[in-house]
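Here are the chains, one letter per residue:
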Amino acid sequence: MMTLTFLGVGDMAARRNHNANALVETWPGRPEDGDPPLDTLLIDFGTTGPAAMHLLKSTPGFEHYRIPPADASTLGVDLADYRRLARIVLTHQHVDHFGGLEDIALVLRFWLAKLGGAVHRPELIASDELLRTLWDGSLRGGLSIGMGAATSLEDFFVPRPVEPGGAVELAGGYRIRLLPADHVRSAGKHDVPAFGVVLESATSARCAFYSGDARVDAVANREWFDRADVIFHDVMLQGPADAVHAPLAELRALPASVRAKMLLYHYADNWDDPRFAFVSEEFAGFAQPRVRYVLAP
Ligand SMILES: [Zn+2]
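Parameters at a glance
- Residues numbered from 1 in each chain as written.
- Predicted model: local features only at pLDDT ≥ 70, side-chain atom pairs only at ≥ 80, totals over all residues.
- Heavy atoms only, no water.
- Helix = DSSP H or I, 4+ residues; strand = E, 2+ residues; numbered from the N terminus.
- Rg over C-alpha atoms; globule rule 2.2 N^0.38 Å.
- Contact = heavy atoms within 4.5 Å.
- Areas by Shrake-Rupley, 256 points an atom, 1.4 Å probe, with all protein chains shown as cover.
- Salt bridge = Lys/Arg side-chain N within 4 Å of Asp/Glu carboxyl O.
- Buried < 20%, exposed > 50% of the residue type's maximum accessible area, 1.4 Å probe, protein only.
- Expected span 1.5 Å × (residues − 1).
- Bend = angle between axes of the 7 residues up to and from the residue.
- Right-handed = clockwise from strand over helix to strand, strands pointing away.
- Donors = N, O, S within 2.8 Å, 3.2 Å for Na, K, Ca; no water.
- Tetrahedral: all angles 85-135°; square planar, octahedral: opposite > 155°, others 65-115°.
- Axes fitted to C-alpha atoms, helices over the stretch in contact; angles between N-to-C directions.
- Parallel < 35°, antiparallel > 145°, perpendicular 65-115°, else oblique.
- Left-handed = near helix turned anticlockwise from the far one by under 90°.
- Nonpolar A, V, L, I, M, F, W, Y, C, P; charged D, E, K, R; others polar.
- Phe/Tyr/Trp six-rings, centres within 6.5 Å; stacked < 30°, edge-to-face > 60°.
- Lys NZ or Arg CZ within 6 Å of the ring centre and 35° of its normal.

Caption draft 1: Spatial organisation of the overall build of the protein chain. A count of helical and extended segments in the protein chain gives nine helices and 14 strands. Here the C-alpha radius of gyration of the protein chain, 19 Å, is about what a compact globule of 297 residues would show, namely 19 Å. In terms of overall dimensions, the protein chain has a C-alpha envelope of 55 × 45 × 40 Å along the principal axes. In the protein chain, 62% of the contacts between residues at least 6 apart in sequence involve partners at least 24 apart. Counting every atom, the protein chain has about 12200 Å² of accessible surface; 53% of that belongs to carbon and sulfur.

Caption draft 2: Structural context of the pattern of salt bridges. For the structure on display, the rule yields 21 salt bridges. The residue Asp 229 makes a salt bridge to Arg 206 at a minimum N-O spacing of 3.2 Å. Highlighted residues: Asp 229 in the loop between α6 (222-227) and β11 (230-234) and Arg 206 in the loop between β9 (195-201) and β10 (207-210), separated in sequence by 23 residues. Across the pair Glu 223 and Arg 227 runs a salt bridge, and its minimum N-O distance is 3.0 Å. With Glu 223 and Arg 227 both in helix α6, this residue pair falls four residues apart, about one helical turn. Using a relative accessible area of 41% as the deciding quantity, one classes Glu 223 as partly exposed. The class of Arg 227 is partly exposed, set by a relative accessible area of 39%. A network of salt bridges, in which partner residues are shared, links Asp 39, Arg 87, Glu 123 and Arg 160.

Caption draft 3: Structural detail: helix α5 (residues 128-144). A rise of 1.5 Å per residue sets the reference length of α5, with its 17 residues, at 24 Å; its end C-alpha atoms lie only 20 Å apart and thus fall more than 12% short of the reference. Along α5, the largest kink reaches about 55° and is centred on Ser 138. Along α5, the positions that sit buried rather than exposed are Leu 130, Leu 131, Leu 134, Trp 135, Leu 139 and Leu 143. On its buried face, α5 sits against α3 (95-98), α4 (101-110), β5 (123-126), β6 (158-161) and β9. The first or second residue beyond α5 is Gly 146, which carries a positive phi of 70°.

Caption draft 4: Here's a closer look at the pairing of β11. Counting buried positions along β11 yields five of five residues, so the element is predominantly enclosed. Between the parallel elements β10 and β11, the chain passes through α6 in a crossover that is right-handed.

Caption draft 5: Seen up close, the coordination of the zinc ion. Every protein donor of the zinc ion is listed here as His 92 (NE2), His 94 (ND1), His 183 (NE2) and Asp 213 (OD), and their distances to the metal cover 2.2 to 2.3 Å. Angles of 89 to 161° at the metal separate the four donor atoms of the zinc ion, which places the site in the irregular class. Each donor residue of the zinc ion lies on one chain, and together they are spaced H-x1-H-x88-H-x29-D. In this pair, His 94 sits in the loop between β4 (87-89) and α3 while His 183 sits in the loop between β8 (174-180) and β9, placing the two residues 89 residues apart along the sequence. In this structure His 94 comes out as partly exposed when scored by relative accessible area, which is 31%. Of the residues examined, His 183 reaches a relative accessible area of 1% and is grouped as buried.

Caption draft 6: Looking closely at the environment of Gly 212. Locating Gly 212 in the fold gives a position in the loop between β10 and α6. Considering only alpha carbons, one finds Gly 212 and Asn 17, 195 residues apart in sequence, at a separation of 17 Å. If we ignore the near neighbours within four places in the chain, the residues touching Gly 212 are Phe 195, Gly 196, Asp 234 and Tyr 265.

Caption draft 7: Inspection of the packing of α4 against α5 at higher detail. Running from N to C, α4 and α5 cross one another at 45°; their axes reach a closest spacing of 10 Å. It follows that α4 is oblique to α5 by the angle criterion. Crossing of α4 against α5: the hand is right-handed. For the pair α4 and α5, the contacting residues are Leu 101, Glu 102, Ala 105 and Leu 106 in the first and Leu 134, Leu 139, Gly 142 and Leu 143 in the second. Looking at the contact of α4 with α5 residue by residue, the class counts come to six nonpolar, one polar and one charged.

Caption draft 8: Geometry of the packing of aromatic side chains. For the coordinates displayed, the defined rule picks out 11 aromatic pairs. Ring geometry for Phe 6 and Tyr 210: centres 6.1 Å apart, planes at 25°, overall stacked. Here Phe 6, found in strand β1 (residues 2-8), pairs with Tyr 210, found in strand β10; they are 204 residues apart in sequence, far enough to count as distant. Classification of Phe 6 by relative accessible area gives buried; the value is 0%. Between the aromatic rings of Tyr 267 and Trp 271, the centroid separation amounts to 5.7 Å while the plane-to-plane angle is 50°, which identifies the pairing as tilted. Positioned above the aromatic ring of Phe 278, the side-chain terminus of Arg 252 is 3.6 Å from the ring centre. Sitting above the plane of the Phe 283 ring, Arg 259 keeps its charged end 6.0 Å from the centroid.

Without other data, these values stay purely geometric and don't point to any function.
Below is the structure:
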């Protein structure tokens, strides 16, 4: 089975929800069977990621992400066990999507490594260009302090460059595929790296589409809007139509068959204003945090 759980469902400025980041898990059976997941993959890990992960590990059914009580006693702090995270895929370089990566890197190296064994380095999946700008433009400053001049992304993560259209196999017979997303533009569409993610079963036709931060692009995404069994789509509840996100009014114009399997995420703090009550009728609803969505059996 493959499942997806949102750590948070909010936009960058949301304060009632954490940033829109998600945890994908593959399983030998069902999560409730008690076995550990076969594979784990974060889709993004933003500024609020560490707090969201801390909350998730205390949620029933997510005990796998707690460090044992004896280890918490050794460290003097009760941390989420980042050693359980095999992979991270980065959709783009906005702080609500990458702002927690420095926390992962430092906690693994300076806290969890004290518990023994080699320093865990999660696989970091993104396009080659995004991996380079992530390090040079964002992570290098914080992660190089006191680490020597030769510090690199490889000291903390295992970079895995994947270009749009490329796939990564997940344990258990599943895979993810990166697609270009129409989010921020410099001079034209797709000239600033941003990606959506297709999550597929390798043995059946089941698949899910995760838009990443994106405008509505029904033409480019038509195949996935038709094929996907569930669609997680960026939404902007109010704002200008030329914004870099997906205006709710444009999403409402999609066919009913698409909206019926579309869960909206990356929403602002006023999602529960009564004027948005129609979302639960016209869409599959607003995505909920800390709930496991089954993507494939
Ligand atoms: Zn963004």
